[in-house]
Amino acid sequence: MLETVASFDRIGEENAFAVLARATELAARGRDIINLGIGQPDFRTPDHIVEAAVKALRDGHHGYTPAIGILPLREAVAADLNARYGVNVSPAEVMIMPGGKPTMFMSILMFGEPGVDILYPDPGFPIYRSMIEFTGARPVPVPIREENGFAFSAEETLSLITPQTRLLIVNSPANPTGGVTPKSEVDKLVAGLAKWPKVAVMSDEIYDHMVYDGETHVCLLGYPEIRDRLILLNGWSKTYAMTGWRLGYAVWPGKLYDNARKLAVNLHSCVNAAAQYAGLAALTGPQDAAAAMVAEFDRRRKVVVEGLNRLPGVSCATPKGAFYAFPNVGRTGWKAKPLASALLDEAGVAVIGGPDFGVCGEGYIRLSYANSTENIVKALDRMGEFLANRKAA
C-alpha cells in the first residue's frame, strides 16, 4: 500500500458537490429532481462577457500571462473597489486567482501549522475548516447564530482569540446562512483587533453585490487599522454567473503578496488568458445583467422565505444577502442530514444538511434560490407534502 502524508487523512470536502452528483445520478435514471443544493446562478454569463473571451482567443491570447494576472484586469479590480467602496487599492496589491478557493487555501497555508489557532465561521463554507485541519492548525469555530440574524458577533468573536490565534476568517454576506453583518459589529471587531496585532484577517466577500432590504455591504478594506494584515477574497463567479470560468481575485497586504505569488507560480502558473479578458469586460462593461440577476434573486428570496414559513415544523429567518435560505427544521422531528437525504431520495428536492457547514448547523438545512421561481414553488410544494406525510425515521 502507498503511504501518503497524514494531512490528507484530515482533509474534508464540500458536500454540495456530492449532493449535485447524487441529484444528477437520480435525474439520469429518469427522476424529476429540483436542485436547490448547489450555489450556482441559473443565469447565462452575460453575452458581452462571453464575446470578450471569444475575441481574446481570436486575437491570439493563447499563452501564459503573469502569475499575478494581466495588468489591465488588476487595474480594473482596483478601480472597481475604489468606485464602490471609496478605498484606495493599488493594482500591485491585486492578484488574479483561479476562483475563490485558492485564496482560502493560500491564506490558511500561510498561517496554519500545529500549535496555531485559526478562527472561522460556523456554520460556514466547509472548505475553511477542511483546509485548517489539513495544515494541522486547530480549527476554532465562531458561532453564527440565528438570534443575531446570522451576523457574526464581534464580542463573541473577540472572546475566542488567544495568543495562539494567527488568522481570523470572516464572511459577509454569508454562505450558507445569507447573513449580513452590520457596520456596527464590524466596527467593534476592528476596534477589538487592536489588542491582537499579530492576528491576520481573511475577509470572504464573494457575495458583496447581493444584499437586500436596504442593507449595505461593509468592505473590510475600508478599515486602515487592519489593512496591513487584511486579505480580501472576491471574484466574478456569483455576481456575473461565471462559476465555471474559475476567475477570482485577492488583495494581499505587504509580504503576503509575494508569498501568494510564489504559491501561484508553484501551483497553477497563471489564470487562463481568455477568462481574464472576460473578467475585464465584466468589470468595465454594462452592469445591467448583473443588477437584473440580483433583483431576480431578491424576488425569489421572498417566495422562498414565505413558502418555508408555511411548511410544518419549519421557520425561516429572512436572509439579507447572497442567494441562500437557512431554515430552522428543528420542530420537524428530523435531524438535518437525514432530512436532506430523504427530501432528495423521496421528494426529488436537493438541499444541503446544515451539519455539512459545521457543528452549529444542526437543526438547519440550506436552500439555494439560484433556481427559477417555478422550480422553487414546485420544490416547496413537494417539501410540504413530504413533511405532512412522512415522519422522521
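Residues numbered from 1 in each chain as written. Predicted model: local features only at pLDDT ≥ 70, side-chain atom pairs only at ≥ 80, totals over all residues. Heavy atoms only, no water.

(A) A look at the nonpolar core. Of all hydrophobic cores here, the largest spans 70 residues; its most connected members are Ile169, Trp252, Leu308, Ile365 and Met383. The residues contacting Trp252, other than those within four sequence positions of it, are Glu93, Met95, Met97, Thr103, Met106, Ser107, Met110, Ile231, Tyr257 and Ala260. Core analysis: the second largest hydrophobic core is formed by 63 residues, Val19, Val140, Leu168 and Val201 among them. (Core = buried A, V, L, I, M, F, W, Y, C linked by side-chain atoms within 4.5 Å. Buried < 20%, exposed > 50% of the residue type's maximum accessible area, 1.4 Å probe, protein only. Contact = heavy atoms within 4.5 Å.)

(B) Quick peek at helix H12 (residues 373-389). For H12, which comprises 17 residues, the first-to-last C-alpha distance of 24 Å matches the rise-based estimate of 24 Å (1.5 Å per residue) to within 8%. Turning to H12, its buried residues are Ile376, Ala379, Leu380, Arg382, Met383, Gly384, Phe386 and Leu387. Where H12 is buried, its residues touch strand E1 (34-35), helix H10 (288-308), helix H11 (336-347), strand E10 (349-350) and strand E12 (365-368). (Helix = DSSP H or I, 4+ residues; strand = E, 2+ residues; numbered from the N terminus. Expected span 1.5 Å × (residues − 1).)

(C) Structural view of the pairing of E12. Side chains Ile365 and Leu367 of E12 all project onto a buried face; the interleaved residues Arg366 and Ser368 project onto the opposite face, where all are buried too. Bridge count for strand E9 (residues 324-325) against E12 is two bridges, and the pairing is antiparallel. When the bridges of E12 are listed, Tyr324 appears paired with Ser368. Sheet topology note: the strand E11 (residues 352-353)/E12 ladder contains two bridges and is antiparallel. Each bridged residue has a counterpart across the sheet, and for Gly353 the counterpart in E12 is Ile365. (Pairing = 2+ DSSP bridges.)

(D) Quick look at a nonpolar patch on the surface. A contiguous nonpolar surface patch, about 270 Å² in accessible area, is contributed by Val5, Phe8 and Ile11. Note on placement: Ile11 falls in the segment before helix H1 (15-28). Among the residues examined, Ile11 registers a relative accessible area of 35% and is labelled partly exposed. (Patch = residues over 30% accessible without salt bridge, like charges linked within 9 Å, V, L, I, M, F, W, Y side chains within 5 Å. Areas by Shrake-Rupley, 256 points an atom, 1.4 Å probe, with all protein chains shown as cover. Salt bridge = Lys/Arg side-chain N within 4 Å of Asp/Glu carboxyl O.)

(E) Structural view of the sheet that holds E9. Here we have three strands laid out as an open sheet, ordered E9-E12-E11, and antiparallel in their pairing. Each edge of the open sheet is held by one strand with a lone partner, namely E9 and E11.

(F) Looking closely at the packing of H1 against H11. It is at 10 Å that the axes of H1 and H11 come closest, and there the two elements cross at 25°. Viewed along their axes, H1 and H11 adopt a mutual orientation that is roughly parallel. Considering how the two elements wind past one another, H1 and H11 form a crossing that is right-handed. Within the contact between the two elements, H1 uses Asn15, Val19, Arg22, Ala23 and Leu26 and H11 uses Lys337, Leu344 and Asp345. Residues belonging to the contact of H1 with H11 are distributed by class as follows: four nonpolar, one polar and three charged. (Axes fitted to C-alpha atoms, helices over the stretch in contact; angles between N-to-C directions. Parallel < 35°, antiparallel > 145°, perpendicular 65-115°, else oblique. Left-handed = near helix turned anticlockwise from the far one by under 90°. Nonpolar A, V, L, I, M, F, W, Y, C, P; charged D, E, K, R; others polar.)

(G) Structural detail: unusual backbone geometry. The residue after Ser172, namely Pro173, is reached through a cis peptide bond having omega -10°. The peptide bond linking Asn175 to Pro176 adopts the cis configuration, its omega dihedral lying at 15°. By the secondary structure assignment, Pro176 is in the loop between strand E5 (165-171) and helix H7 (183-193). Phi angles above zero are rare outside glycine, and Phe150 is one such case at about 60°. By the secondary structure assignment, Phe150 is in the loop between strand E4 (138-143) and helix H6 (154-159). You will see that Ser269, though not glycine, has its phi angle at about 65°, which is positive.

(H) Spotlight on the UniProt feature "domain: Aminotransferase class I/classII large" (unreviewed entry) in the chain. Taking the UniProt record as the reference, the feature "domain: Aminotransferase class I/classII large" (unreviewed entry) is found at residues 32-380. Between the end C-alpha atoms of residues 32-380 the distance is 14 Å, and the span holds 38% helix and 14% strand. (UniProt positions renumbered as here; feature names shortened; annotations may be inferred.)

(I) Summary view of the state of the cysteines. Counted under the stated rule, the structure contains zero disulfides. Here Cys360 is not disulfide-linked; the sulfur of Cys316 is the nearest cysteine sulfur, at 18 Å. Residue Cys360 is classed as partly exposed on the basis of its relative accessible area, which comes to 30%. (Disulfide = S-S within 2.5 Å.)

(J) Spotlight on the packing of aromatic side chains. Going through the model one piece at a time under the given rule, you end up with 12 aromatic pairs. Relative to Phe297, the ring of Phe43 has its centre 5.6 Å away and its plane inclined at 75°; by these criteria the two rings are edge-to-face. Here the residue Phe43 occupies a position in the loop between E1 and helix H2 (47-58), and Phe297 occupies one in helix H10, the gap between them amounting to 254 residues. Owing to a relative accessible area of 0%, Phe297 belongs among the buried residues under this scheme. With a centroid separation of 5.9 Å and 75° between ring planes, the pair formed by Phe150 and Tyr364 is classed as edge-to-face. Taken together, the residues Phe150 in the loop between E4 and H6 and Tyr364 in the loop between E11 and E12 connect sequence positions 214 residues apart. (Phe/Tyr/Trp six-rings, centres within 6.5 Å; stacked < 30°, edge-to-face > 60°.)

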